[in-house]
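Listed here are the chains, written in short residue letters.
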Amino acid sequence: REVSSRGFKIFLDLKLHDIPNTVNETILGFHDCSIDMLTVHLSGGEEMLKKAMRAGKSINAKVIGVSILTSLEESDTLSLFDNKLDHQIRNLFEIAAKTNIDGIVCSPHELEIANTILGTHSIKITPGIRDVKVEDDQARTMSAKEAIQRGSTFLVIGRPITQSEDISQ
């Protein structure tokens, strides 16, 4: 509330993932907060996403669906979902399109698939932005310039800023 009262927009990145009613009630619990966007996992399924969208509308917040975490690689999606990374991403984006979710969070590498399935009007938030090669837990990264050229609406740039020796650079 304090941050919102100072004029900042709130992106509540809780990545909600539970049964439809629990996600619905959780989102409704933020009715007295000024939230611009909040996240849910697309893997929660169609019914969960529909309830999240209804609850989001009632509190005037856009609902953004998280696809596959940028720390995961092909071997992870094969073991977790018994599916190749691109196929799993496509499946999740098709669910997002079917539920008319406001936007998605995805690796910048999946923006082409997102633009094809969701269209260019959908919000696309891309974490894993790295302008230099670093060794961290982000597996699917891209430069800011490339992500913008591919259609990213918002870039998530965390550690390159917060762990920089000189943040002003």
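Before any of the text, the structure's been laid out above.
Residues numbered from 1 in each chain as written. Predicted model: local features only at pLDDT ≥ 70, side-chain atom pairs only at ≥ 80, totals over all residues. Heavy atoms only, no water.

Novice: Honestly, the overall build of the protein chain in this entry has me stumped. Any pointers?
Specialist: Helices and strands together make up the secondary structure of the protein chain, namely eight helices and six strands. Its helices and strands taken in sequence order, the protein chain reads α-β-α-β-α-β-α-α-β-α-β-α-β-α from the N to the C terminus. What you see for the protein chain is a C-alpha radius of gyration of 16 Å, in line with the 15 Å of a compact globule of 169 residues. Taking the principal axes of the C-alpha coordinates as reference, the protein chain spans close to 45 × 40 × 30 Å. Split into buried and exposed, the 169 residues of the protein chain put 40% on the buried side. Counting contacts in the protein chain only where the partners sit at least 6 residues apart, residues at least 24 apart contribute 63% of the total. Carbon and sulfur atoms make up 50% of the accessible area of the protein chain, which amounts to about 9,700 Å² in all. Across the protein chain, 19 positive and 24 negative side-chain charges occur, with their mean positions spaced 6 Å apart. (Helix = DSSP H or I, 4+ residues; strand = E, 2+ residues; numbered from the N terminus. Rg over C-alpha atoms; globule rule 2.2 N^0.38 Å. Buried < 20%, exposed > 50% of the residue type's maximum accessible area, 1.4 Å probe, protein only. Contact = heavy atoms within 4.5 Å. Areas by Shrake-Rupley, 256 points an atom, 1.4 Å probe, with all protein chains shown as cover. Lys, Arg positive; Asp, Glu negative; His and termini not counted. Charge placed at Lys NZ, Arg CZ, Asp CG, Glu CD.)

Novice: Before we go on, may I ask you to explain helix α2 (residues 20-28) in this structure?
Specialist: Every buried residue of α2 is accounted for by V23, N24 and I27. One side of α2 holds all its buried residues, which, seen down the axis, span an arc of 100 degrees. (Arc of directions from axis to C-beta.)

Novice: Please explain the sheet that holds strand β1 (residues 11-16) as it appears in this structure.
Specialist: To summarise the sheet geometry, strands pair through backbone hydrogen bonds and adopt either a parallel or an antiparallel arrangement. If you trace the six strands from one edge of the open sheet to the other, you get β1-β2-β3-β4-β5-β6, paired in parallel fashion. A strand with exactly one partner marks an edge of an open sheet, and here the two such strands are β1 and β6 (154-155). Pairing between strand β3 (residues 62-66) and strand β4 (residues 103-105): three bridges, direction parallel. In the sheet register, V66 faces β4, and the bridge partner there is V105. (Pairing = 2+ DSSP bridges.)

Novice: What am I meant to see in the pairing of strand β5 (residues 123-126) here?
Specialist: The side chains of a regular strand alternate, first on one face of the sheet and then on the other. On β5, burial covers both faces: I123 and I125 on one face and K124 and T126 on the other are all buried. Here three bridges tie β4 to β5, and the two strands are oriented parallel to one another. Bridge pairing in β5 links V105 to I125. The parallel pair β4 and β5 is bridged by helix α6 (residues 111-118), and the resulting crossover is right-handed. Direction of pairing for β5 relative to β6: parallel, over a ladder of two bridges. For T126, the partnering residue across the bridge sits in β6 and is L155. (Right-handed = clockwise from strand over helix to strand, strands pointing away.)

Novice: Is there a simple way to think about unusual backbone geometry in this case?
Specialist: Excluding glycine, most residues fall at negative phi; most peptide bonds, likewise, are trans. Notably, K15 is not glycine yet its phi reads approximately 50 degrees, a positive angle. Secondary-structure assignment places K15 in strand β1. Phi at N60 takes a positive value of approximately 65 degrees, unusual for a residue other than glycine. Of note, N60 is situated in the loop between α3 (46-58) and β3.

Novice: What am I meant to see in the pattern of salt bridges here?
Specialist: Following the criterion strictly, the structure yields four salt bridges and no others. The partner of D13 in a salt bridge is K15, with the nearest N and O atoms 2.9 Å apart. With its nearest N and O atoms 3.3 Å apart, the salt bridge here joins K98 to E46. Separated by 52 residues along the polypeptide, K98 in helix α5 (residues 85-98) and E46 in helix α3 bring together distant segments of the chain. Three or more residues are tied together by salt bridges with common partners; here these are E46, K50 and K98. (Salt bridge = Lys/Arg side-chain N within 4 Å of Asp/Glu carboxyl O.)

Novice: What is the right way to look at the environment of G29 in this model?
Specialist: With respect to the helices and strands, G29 occurs in the loop between α2 and β2 (37-41). Sequence separation between G29 and S79 is 50 residues; the distance between their C-alpha atoms is 35 Å.

Novice: So what exactly am I meant to see when it comes to α6 here?
Specialist: Each α-helix winds once per 3.6 residues, and so residues spaced three or four apart point in a common direction. Buried within α6 we find L111, I113, A114 and L118. Within α6, the buried residues cover an arc of 155 degrees as seen down the axis, which keeps them to one side. What points out from α6, more than 90 degrees from its buried face, is the exposed set E112 and T116. If you follow the buried residues of α6, they end up packed against α5, β4, β5 and α7 (144-149).

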